[in-house]
Amino acid sequence: MTSGRIAVFLLTVLTVWSFMHLYTFWRLAKLPWLATVPRWAWWAAGLLLWFSYPFARYLDRNGMSSEFARLLELSGAVWLGTLFLLVTALLASELLTAFGLWKAAVVPVRTGSLALAALLSVVGIVQGNRTPRVESLEVQLPQLPRELDGLRVVQLSDLHLGTILREGWLSARLAQVQALKPDLVVVTGDLIDGNARHVERLLPLLKELKAPLGVYAVTGNHEFYAGLEASVQLFRDAGFTVLRDQNVEVRPGLVVAGVDDLTARRQYGINHRAVEKALAGRPPGACVFLSHTPWQVEEAARLGAGLMLSGHTHDGQIWPFSYLVRLSYPYVGGTYQVKGLTLHVSRGTGTWGPRLRLWKPGEITLITLRSPSS
């Protein structure tokens, strides 16, 4: 990003973050049963919570990692998810009370909205910490040779490895993948959460991710944030083949193509006709196209890709955030048919920020490829 774009982005994030805190504490402070809390303590708590997550990320970004910083980030991330649910519930209570005009209902409705947000936060934490579910999918892939019918592809996406998701979590995910006995593994971006140093320590584990036809990866927006070249080198050190606006024939009759992340490219003002470049000049046969962001799907279909695998959206991660995500990403989660192309958008193997999910756990996708001639 240019310095101007960075400044605008940070200002927008801080404004929204601040508004959410001010609105929540303003509304909750008016509840009679919270009136006994000293006003200074009330606003001090709000200020502390406001600082928690940004300050933890700042410490991590500047190399001041410690167990304190990790716990601060974990608690701040949980607060981030809880705050979103609080704001959503309180806004709903505004509608139910006609923005306070129905005075008799204000206290019970706001109290109920607080209880609902707390309950949903607990459900979200439980759901977010559940073992990712293996989602099985069969795809008839145009031009796939008969001898490759039944080939098994495992997709991992949005692992967000870092201070919160670490060795134990990754080791369990690798065991899940190995149990599926894939022929081919693809990693569709955001393997790194934000700091490549934390993932470098996981290289011995990442090197265990293997498949007979190889492991292929593309970058996500978080690889750009962590430092693109360093992230790509980390992928390569793990033994992954990184597809950067290019394609490779993994077996005669089967091509895998991939692009550097389209969301980050837009944010950084990079436009290299990436999809066209990645799919151009490829060998004949079936084509699986990897793109972290599920954009330019129609373009990929027009250029002959038969299967597109994406992530990025987390399927909204925390309902009802999915409705906001859909404004920028029409293909928000699941499987779609687009002009002869099958698109699968993973809801993510890991989580970004809060370890909360409503309503589905994380996902590891097992795709069985079928030949039209089988």
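Fair warning: this is a prediction, and the values are worked out from it, not measured in the lab. (Residues numbered from 1 in each chain as written. Predicted model: local features only at pLDDT ≥ 70, side-chain atom pairs only at ≥ 80, totals over all residues. Heavy atoms only, no water.)

1. Examining the nonpolar core
Moving on, step 1. Counting 35 residues, the largest nonpolar core has L161, L191, L206, L209 and F240 as its most contacted members.
Moving on, step 2. By residue number, the principal contributor to this core is helix α8 (residues 221–237), which donates 5 residues.
Moving on, step 3. When neighbours within four sequence positions are excluded, L161 is seen to be in contact with W169, L170, L191, I192, D193, V199, L202 and L206.
Moving on, step 4. Counting 28 residues, the second largest nonpolar core, distinct from the first, contains L28, A77, I164 and L356. (Core = buried A, V, L, I, M, F, W, Y, C linked by side-chain atoms within 4.5 Å. Buried < 20%, exposed > 50% of the residue type's maximum accessible area, 1.4 Å probe, protein only. Helix = DSSP H or I, 4+ residues; strand = E, 2+ residues; numbered from the N terminus. Contact = heavy atoms within 4.5 Å.)

2. Some details on helix α5 (residues 167–179)
Moving on, step 1. Taking 1.5 Å as the rise per residue, α5 with 13 residues should run 18 Å; its terminal C-alpha atoms sit 18 Å apart, in good agreement.
Moving on, step 2. Regarding α5, the residues found buried are W169, L170, R173, L174, Q176 and V177. Projected down its long axis, α5 shows its buried positions confined to an angular sector of 155°, all on one face. Seen from the open side of α5, the exposed residues pointing more than 90 degrees away from its buried face are G168 and A179. (Expected span 1.5 Å × (residues − 1). Arc of directions from axis to C-beta.)

3. Digging into the packing of aromatic side chains
Moving on, step 1. Taken as a whole and judged by the stated rule, the model has 13 aromatic pairs.
Moving on, step 2. Relative to Y23, the ring of F19 has its centre 6.0 Å away and its plane inclined at 15°; by these criteria the two rings are stacked. In this pair, F19 and Y23 both sit in helix α1 (residues 3–29), 4 residues apart, roughly one turn of the helix.
Moving on, step 3. A relative accessible area of 51% means that F19 is categorised as exposed.
Moving on, step 4. A residue is classified by how much of its surface remains accessible, and Y23, at 8% relative accessible area, is buried.
Moving on, step 5. An angle of 55° between the planes, with centres 5.9 Å apart, marks the rings of F235 and F240 as tilted.
Moving on, step 6. The class for F235 is buried, based on a relative accessible area of 0%. (Phe/Tyr/Trp six-rings, centres within 6.5 Å; stacked < 30°, edge-to-face > 60°.)

4. Things to note about a nonpolar patch on the surface
Moving on, step 1. Together, L47, F51, F55, Y58 and F68 line one region of the surface with nonpolar side chains, adding up to about 540 Å² of accessible area.
Moving on, step 2. Considering each element in turn, the nonpolar patch owes the most residues, 4 residues, to helix α2 (residues 39–61).
Moving on, step 3. Relative to the assigned elements, Y58 resides in helix α2.
Moving on, step 4. Owing to a relative accessible area of 45%, Y58 belongs among the partly exposed residues under this scheme. (Patch = residues over 30% accessible without salt bridge, like charges linked within 9 Å, V, L, I, M, F, W, Y side chains within 5 Å. Areas by Shrake-Rupley, 256 points an atom, 1.4 Å probe, with all protein chains shown as cover. Salt bridge = Lys/Arg side-chain N within 4 Å of Asp/Glu carboxyl O.)

5. A closer look at unusual backbone geometry
Moving on, step 1. Backbone torsion omega between W319 and P320 reads 5°, so that peptide bond is classified as cis.
Moving on, step 2. Relative to the helices and strands, P320 is located in the loop between β9 (307–310) and α12 (321–328).
Moving on, step 3. With omega at 15°, the peptide bond leading from L358 into W359 counts as cis.
Moving on, step 4. Here W359 lies in the loop between β11 (341–345) and β12 (363–370).
Moving on, step 5. The backbone of F99 shows a phi angle near 55°, a positive value even though the residue is not glycine.
Moving on, step 6. Its location among the elements puts F99 in the loop between α3 (67–96) and α4 (103–128).

6. Remarks on the pattern of salt bridges
Moving on, step 1. Per the stated rule, a full pass over the model turns up 11 salt bridges.
Moving on, step 2. The shortest N-O distance in the salt bridge between R347 and E135 comes to 2.6 Å. With a gap of 212 residues between them, R347 in the loop between β11 and β12 and E135 in strand β1 (residues 133–140) connect regions that are remote in the sequence.
Moving on, step 3. The buried category is assigned to R347, whose relative accessible area is 7%.
Moving on, step 4. Judged by its relative accessible area of 23%, E135 falls in the partly exposed class.
Moving on, step 5. Of the charged contacts in the structure, one is a salt bridge between R370 and D149, with a shortest N-O distance of 3.0 Å. Note that R370 is positioned in strand β12 and D149 in the loop between β1 and β2 (152–156), a separation of 221 residues in sequence.

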